[in-house]
Amino acid sequence: MSKKTPEENAKVTEGTPSEQHLTYINIPEAVGVFDSFETQQAAFYDLRAAGFHHSDISLLGSKEAMEEKLGKAYWTSADLEDDPAAPRAHFVSEEAIGELQGAIAGGFFFVGSFIAMAAMLTPASTLAASIAAIAIGGSPSAVIGTLLARRVGQHHKDYYANQISHGGILMWVRTRDKDREDLAVKILKGHSGHDVHVHAWSE
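### Remarks on the overall build of the protein chain
Next, step 1: In terms of helices and strands, the protein chain carries nine helices and five strands.
Next, step 2: Counted from the first residue to the last, the protein chain has its helices and strands arranged as α-β-α-β-α-α-β-α-α-α-α-β-α-β.

### Details of the environment of Trp172
Next, step 1: Residue position: Trp172 is located in strand β4 (residues 169-174).
Next, step 2: Residues Trp172 and Val196, 24 residues apart in the sequence, show an inter-C-alpha distance of 9.8 Å.
Next, step 3: Polar contacts involving the side chain of Trp172 include one to the main-chain carbonyl oxygen of Glu81, which spans 2.9 Å.

### Describing the environment of Ile27
Next, step 1: Examined against the element boundaries, Ile27 turns out to sit in the loop between α1 (6-12) and β1 (29-34).
Next, step 2: Along the primary structure Ile27 and Ser202 are separated by 175 residues, whereas in three dimensions their C-alpha atoms are 5.6 Å apart.
Next, step 3: Residues contacting Ile27, with those up to four places away along its chain left out, are Arg174, Thr175, Arg176, Ala200, Trp201 and Ser202.

### Observations regarding the nonpolar core
Next, step 1: Of all hydrophobic cores here, the largest spans 21 residues; its most connected members are Leu47, Ile57, Tyr160, Met171, Val173 and Leu188.
Next, step 2: Listed by contribution, the elements that provide at least two residues to this core are β1, α2 (37-49), β2 (57-60), α8 (140-165), β4 and α9 (178-190).
Next, step 3: Dropping the residues within four chain positions of it, Val173 is found in contact with Pro28, Glu29, Ala30, Leu47, Phe52, Asp56, Ile57, Ala184 and Leu188.
Next, step 4: Leu60, Trp75, Leu80 and Trp172 belong to the second-largest nonpolar core, a separate cluster that totals nine residues.

### Some thoughts on the pattern of salt bridges
Next, step 1: For the structure shown, the criterion picks out four salt bridges.
Next, step 2: Taking the shortest distance from any N to any O, the salt bridge between Asp56 and Arg174 comes out at 4.0 Å. Of this pair, Asp56 sits in the loop between α2 and β2 while Arg174 sits in strand β4, and the two are 118 residues apart along the sequence.
Next, step 3: Judged by its relative accessible area of 18%, Arg174 falls in the buried class.
Next, step 4: Across the salt bridge formed by Asp56 and Arg176, the nearest N and O atoms sit 3.3 Å from each other.

### A look at the packing of α2 against α9
Next, step 1: In the contact formed by α2 and α9, the axes pass within 9 Å of each other and the chain directions differ by 150°. If you check the angle between α2 and α9, you find them roughly antiparallel. For the pair α2 and α9, the sense of crossing is right-handed. Across the interface between the two elements, Ala43, Asp46 and Leu47 from α2 touch Ala184, Ile187 and Leu188 from α9.
Next, step 2: Among the residues forming the contact of α2 with α9, the class breakdown is five nonpolar, no polar and one charged.

### Details of the sheet that holds β1
Next, step 1: Overall, antiparallel pairing links the five strands, which are arranged β3-β2-β4-β1-β5 in an open sheet. Unpaired on one side and paired on the other, β3 (88-89) and β5 (194-199) mark the two borders of the sheet.
Next, step 2: In the sheet, β2 pairs with β4 via three bridges, with the strands oriented antiparallel. Residue Ser58 lies in a different strand from β4, and its bridge partner there is Trp172.
Next, step 3: Strand contacts of α9: β1, β4 and β5, with the helix running at about 0° to β1, the strand carrying the most contacts.

### Here's the deal with helix α3 (residues 63-70)
Next, step 1: When we look at burial in α3, the residues that qualify are Ala65, Met66 and Lys69. The buried residues of α3 occupy an angular sector of 100° when projected down its axis, which confines them to one face.
Next, step 2: Looking at the buried side of α3, the elements it contacts are β2 and α4 (77-80).
Next, step 3: Backbone geometry just after α3 places Gly71 at a positive phi near 85°.

### Topic: the packing of aromatic side chains
Next, step 1: The final tally for this structure, using the stated rule, is six aromatic pairs.
Next, step 2: With 6.4 Å between their ring centres and 90° between their planes, Tyr45 and Phe91 make a pair best called edge-to-face. A residue pair is termed long-range when its members are at least 10 positions apart, and Tyr45 in helix α2 and Phe91 in the loop between β3 and α5 (94-102) qualify at 46 residues.
Next, step 3: Tyr45 sits in the partly exposed class, given a relative accessible area of 34%.
Next, step 4: Taken together through their ring pairs, the aromatic side chains of Phe37, Phe44, Tyr45, Phe91, Tyr159 and Tyr160 make up a single cluster.
Next, step 5: The lysine or arginine in question, Arg88, covers the ring of Trp172, its NZ or CZ lying 3.7 Å from the ring centre.
Next, step 6: Here the guanidinium or amino end of Arg180 rests over the ring plane of Phe52, the centre of that ring lying 4.0 Å away.

What counts and what doesn't
- Residues numbered from 1 in each chain as written.
- Predicted model: local features only at pLDDT ≥ 70, side-chain atom pairs only at ≥ 80, totals over all residues.
- Heavy atoms only, no water.
- Helix = DSSP H or I, 4+ residues; strand = E, 2+ residues; numbered from the N terminus.
- Polar contact = N/O pair within 3.5 Å; in protein donor to acceptor, adjacent residues only side chain to side chain.
- Contact = heavy atoms within 4.5 Å.
- Core = buried A, V, L, I, M, F, W, Y, C linked by side-chain atoms within 4.5 Å.
- Buried < 20%, exposed > 50% of the residue type's maximum accessible area, 1.4 Å probe, protein only.
- Salt bridge = Lys/Arg side-chain N within 4 Å of Asp/Glu carboxyl O.
- Axes fitted to C-alpha atoms, helices over the stretch in contact; angles between N-to-C directions.
- Parallel < 35°, antiparallel > 145°, perpendicular 65-115°, else oblique.
- Left-handed = near helix turned anticlockwise from the far one by under 90°.
- Nonpolar A, V, L, I, M, F, W, Y, C, P; charged D, E, K, R; others polar.
- Pairing = 2+ DSSP bridges.
- Arc of directions from axis to C-beta.
- Phe/Tyr/Trp six-rings, centres within 6.5 Å; stacked < 30°, edge-to-face > 60°.
- Lys NZ or Arg CZ within 6 Å of the ring centre and 35° of its normal.

Written as structure tokens, this is what we have:
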């Protein structure tokens, strides 16, 4: 299947549920697809160790974010590699998820941390409902126990399982010069990333 340019994708996405204008910048971006969370996480850590900023690395948004922005049509990772309409999310490590779950004992002190973490992978409408639940739920320990211990960990697993079932975990890396392009591609390929390439724009 041939890749579409950002301009072609922008035309295709007119009239989608989000009805938002597409914006992208002329900074090259490397993209790769991973078959497991472990290989994707290893690539992320190597990118960070090589000097790439966390904000320059992004993943595909959650299933809810996909449906909110693109509707419920079937998609594959290959379809979205070069699509500027694909929703993005920041990478959240297993360690961070574990720390968040461990925050149950902290009561209200950790509510802000939960909201910040939820915002990374949750569309605005669902996030608003979660914040409301925290606000009116009564007992902080009961609410956080439900939202964190039972849902955050499973949400994290489901997020990656959903992408793998659609062809793999997508990761984009914003690069600023040819040397950084080559380095990003080398790292992505070095951790079994496939269909690794660079396009001339970034989200």
